[in-house]
Amino acid sequence: MSQQCKKAYITTPIYYVNDIPHIGHAYTTIIADTLAIYSRMAGLDTFFLTGTDEHGQKIEQAARARGKLPKEYADEISKRFKDLWDEFDITYDKFIRTTDEEHKKGVQVAFLKMYEKGDIYKDVYRGHYCISCEAFFTETQLVDGEYCPECGKPTTIVEEESYFFRLSKYQEPLLKWYKENEKCILPKTRRNEVIRFVEGGLEDLSITRTSFDWGVKLPESLGEPEHVMYVWLDALMNYLTALGYGTDEAKIDYWPARVHLIGKDILRFHAVYWPAFLMSLEMEMPKHIAAHGWWTRNGEKMSKSKGNVVNPKEVADAYGLENFRYFMLREVPFGGDGDFSQKALMDRINSDLGNDLGNLLNRVIGMSSKYSNSKITSENITKYYQNELDEVYNSIDKLEPLLFDMQLHRYLEELWKPLSIANKAIDQYKPWELMKENKEEEALALIGLIANILAKVAIMLHPVMPKTTNKIASSLAFEIDSNSYNKYIKDKELLPQFNITKIPPLFPRIEEILLNEATNTPEAKESTKDKSKDKEIQKCQDEEGLITIDQFFQTSLKVGTVIEAQEVKKSKKLLKLQVDLGEDRPRQIIAGIKEWYSPEDLTGTQVCVVANLKPAKLMGMVSEGMLLAAKDSNGLALIRPELRKEAGTAIG
Ligand code: MSP
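It should be emphasised that the depicted structure is a prediction, and the values quoted were computed from it without experimental measurement.

Q: Would you mind going over the overall build of the protein chain with me for this structure?
A: When you go through the protein chain residue by residue, the secondary structure sums to 22 helices and 28 strands. Along the longest, intermediate and shortest principal axes, the C-alpha atoms of the protein chain span 95 × 75 × 40 Å. A burial count over the protein chain gives 55% of its 652 residues as buried. Pairs at least 24 apart in sequence give 74% of the contacts found in the protein chain among residues at least 6 apart. Of the accessible surface of the protein chain, which amounts to about 28,800 Å², a share of 48% is contributed by carbon and sulfur atoms. In the protein chain, 85 positive and 99 negative side-chain charges are present, and the distance between their average locations comes to 4 Å.

Q: Quick question: what am I supposed to make of the sheet that holds strand 6 (residues 135–137) here?
A: Across the sheet, which stays open at both edges, the 4 strands sit in the order 6-5-7-9 with antiparallel pairing between neighbours. Each of the sheet's edge strands pairs with one partner strand only, and the pair in question is strand 6 and strand 9 (205–206). Contacts from helix 9 (residues 267–280) reach strand 6, strand 7 (156–165) and strand 9 within the one sheet, and its direction differs from that of strand 7 by about 30°.

Q: Got a minute to help me understand the site of the ligand in this structure?
A: Taken together, 22 residues are adjacent to the ligand, and Ile-14, Asp-53, Gly-263, Asp-265 and Trp-295 come closest. Between Ile-14 and the ligand, the recorded distance is 2.8 Å, taken from a backbone N or O atom to a nitrogen atom. Here an oxygen atom of the ligand sits 3.1 Å away from a polar atom, N or O, in the main chain of Tyr-16. Protein chains shield 95% of the accessible area of the ligand, which is 660 Å² for the free molecule. More than half of the atoms belonging to the ligand lie within 2 Å of the grid points that define the largest pocket. Contributions of two or more residues to the shell around the ligand are made by strand 2 (15–16), helix 1 (23–41), helix 7 (231–236), helix 8 (238–241) and strand 12 (259–263). By residue number, the principal contributor to the shell around the ligand is helix 7, which donates 3 residues.

Q: Is there a simple way to think about the packing of helix 1 against helix 11 (residues 321–331) in this case?
A: When two helices pack together, their arrangement is given by the angle between the helix axes and by the axis-to-axis distance. Running from N to C, helix 1 and helix 11 point in directions that differ by 95°, and their axes come no closer than 10 Å. With respect to helix 11, the axis of helix 1 lies roughly perpendicular. Of the residues in helix 11, those in contact with Ile-23, Tyr-27, Ile-30, Ile-31, Asp-33, Thr-34 and Ile-37 of helix 1 are Phe-324, Arg-325, Met-328 and Leu-329. Here the residues of the contact of helix 1 with helix 11 are counted per class, giving 8 nonpolar, 1 polar and 2 charged.

Q: What exactly am I supposed to notice about the state of the cysteines here?
A: What we call a disulfide is simply a covalent bond connecting the sulfur atoms of a pair of cysteines. Evaluation of the coordinates by the stated rule reveals 0 disulfides. In this model Cys-151 remains outside any disulfide bridge; the closest cysteine sulfur is found in Cys-130, 3.7 Å from its own.

Q: It is not clear to me how the pairing of strand 1 (residues 7–11) should be interpreted in this structure. Could you clarify?
A: One face of the sheet, then the other: side chains in a regular strand alternate in exactly this way. Of all 5 residues that make up strand 1, 4 are buried, and the element is covered over most of its length. Of the strand pairs in this sheet, strand 1 and strand 3 (residues 45–53) are connected by 5 bridges, and their pairing is parallel. Looking at the pairing, Thr-11 lines up with Leu-49 of strand 3. Of the strand pairs in this sheet, strand 1 and strand 12 are connected by 2 bridges, and their pairing is parallel. Among the inter-strand pairings, Thr-11 is bridged to a residue of strand 12, identified as His-260.

Q: Mind showing me how you'd approach the layout of surface pockets here?
A: Left-over empty space is what a probe sized like a water molecule reveals as it rolls over the atoms. Taken as a whole, the largest pocket encloses approximately 1,400 Å³ of empty space. What lines the largest pocket is a set of 46 residues, among which Tyr-16, Lys-58, Ser-132, Asp-265 and Trp-294 lie closest to the centre. The set of elements that each furnish at least two residues to the lining of the largest pocket consists of strand 2, helix 1, helix 2 (57–65), helix 7, helix 8 and helix 9. Per-class residue counts for the lining of the largest pocket are 20 nonpolar, 14 polar and 12 charged. Its boundaries defined by the atoms lining it, the second largest pocket holds a volume of some 430 Å³. Around the second largest pocket, the lining comprises 20 residues; the ones closest to its centre are Phe-136, Thr-138, Gln-141, Glu-203 and Asp-204. Of all the secondary-structure elements, those providing two or more residues to the lining of the second largest pocket are strand 5 (120–130), strand 6, strand 9 and helix 9. Per-element accounting of the lining of the second largest pocket gives the leading share, 3 residues, to strand 5.

What counts, and where the lines are drawn
- Residues numbered from 1 in each chain as written.
- Predicted model: local features only at pLDDT ≥ 70, side-chain atom pairs only at ≥ 80, totals over all residues.
- Heavy atoms only, no water.
- Helix = DSSP H or I, 4+ residues; strand = E, 2+ residues; numbered from the N terminus.
- Buried < 20%, exposed > 50% of the residue type's maximum accessible area, 1.4 Å probe, protein only.
- Contact = heavy atoms within 4.5 Å.
- Areas by Shrake-Rupley, 256 points an atom, 1.4 Å probe, with all protein chains shown as cover.
- Lys, Arg positive; Asp, Glu negative; His and termini not counted.
- Charge placed at Lys NZ, Arg CZ, Asp CG, Glu CD.
- Pairing = 2+ DSSP bridges.
- Axes fitted to C-alpha atoms, helices over the stretch in contact; angles between N-to-C directions.
- Near = heavy atom within 4 Å.
- Polar contact = N/O pair within 3.5 Å; in protein donor to acceptor, adjacent residues only side chain to side chain.
- 1 Å grid on protein atoms, 1.4 Å probe; cavity = no way out; pocket = protein on both sides within 12 Å on 5 of 7 lines; lining within 4 Å.
- Sits in = over half its atoms within 2 Å of the grid points.
- Parallel < 35°, antiparallel > 145°, perpendicular 65-115°, else oblique.
- Nonpolar A, V, L, I, M, F, W, Y, C, P; charged D, E, K, R; others polar.
- Disulfide = S-S within 2.5 Å.
- Points joined across faces, edges and corners; volume = space filled by probe spheres on them.

In structure tokens form, the structure reads like this:
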């Protein structure tokens, strides 16, 4: 996206209404929202579109399975999406539904235009259809002659009269477009994939169906009441109908889209079919189609049936919406897959946000209150700290291109450099010592430098964390908007003199994982009962021998102090220990270590204990834990802390 362009049209996919919103949907929407907020702040005339995709066989079946009419069901789920985005303060300009009358009219206008141009013809479709992906496949594309190559579900054989779009005609023009526009598909590796796919040859695309009727009808003038449009033609057209295409075209100037944000699973529809439809309609090409990766849970695709769906609202409620936004954009390189882990989220909050950002604000508030009566000035910054300032600008200047190239994780990584420059400067120049040495001017300039760095970081972080950064800005006595963006980022101005305001800590430390595995929908919780989660974890371990950090933290390891040890009579192997784990009573642990340790060796020493094992009975005695030990051909050795630690100290 370049600055010369005054308009920025940003879209998310429109979400199917066969499922309630999950973390994958939230991810796409949050990225789009971040871009939209940035674009507005940077002075671009921005239009941000999201919505729901409501037609097709999949939705019809989902509604029927619940004893509802498709529209009634679509109304319900569409509202769930809209409500969630409203609750998440998503700054969309329009929420489109494919059941909107204007949309349906617009799609019919487009169909007629392509038909009159000779790009649509009637024939019979014979082939395989995957209802779950709403996609056609040839015999050779199927797995084992029957299963969908995308989702693995069985396909159905379809033979029906159908209209076809001459996709094959656009093979060469598409290749030309990809090759001439290096950034048309982001990340670039995806562009190469698409080029290879199209070079493999394109077949004409069936774009109407007669075997069900939950879809947009063909234009009346064609006299084909039996046909409804293929759901992907209907859905893709939303990007134009939302601007009034075919009805009221007042907003059509927002076209072409600056970026269509999508997941990698729907790249073919967006990077092949959509540009071909646009060429047929003689519309300009979108600037970027940006495909992100998938969020998985314990390495597996999330799905209701597996019971491993992460509910974005539960995560946002537990950890804070904006912390969650930051985490999603920072944690995973755009385009790559990411495994959702609460531990990783917690670490980002405590470390990046709490330590690096929150503490810096606290430090500047504390220092200014101590040394300058909370007054902060930018005077003398350039006199003493020009180098630091130059380094800060060096990072800030790199940010915008990273954002518009969808390198959001790198954007945030680069944005953290000024924070580290600020933290380092405090440690290096030690304002408290400068004050002692009567170098007040230098100390106050340092405080001014830190405040200015915080202000610039707050502005550039604003699209990711709007409310949090507004709080930082209000503490620094300015507002984040296009004005301050131009002044402090573009024109590199420094803050005027102001009084800093103390605000409550922005990122209170999170000490423990806040959600148990109940980040699931009620349906998912049901299905957990059939142990699918256990199976899934088992599978993850079996296939790769790897576990996730969350799985690791399910084991509670603690330091214990052995307060008593006895032999177990008639047993060659067992000792009976009483181990203090800092709880209200010691644990009894029966350990098979008699061959290597005597009771005297153990009393008073420290051991490492697995503290959350289900109690087990050994020779009729209850054992309430297990000791960690390493055994090789020379015998067994207990694992112990290197230094004495309080009984009950967590290991991990
Ligand atoms: N209705 C179509 C899109 C039509 S756009 C003209 C559709 N809908 S969807 O609801 O199934 O998916 C919408 C988006 O959510 C896709 O971009 C998809 O990649 C994304 N995600 C769904 N699950 C996901 C994850 N687990 N992780 C990341 N994003 C994934 O496809």
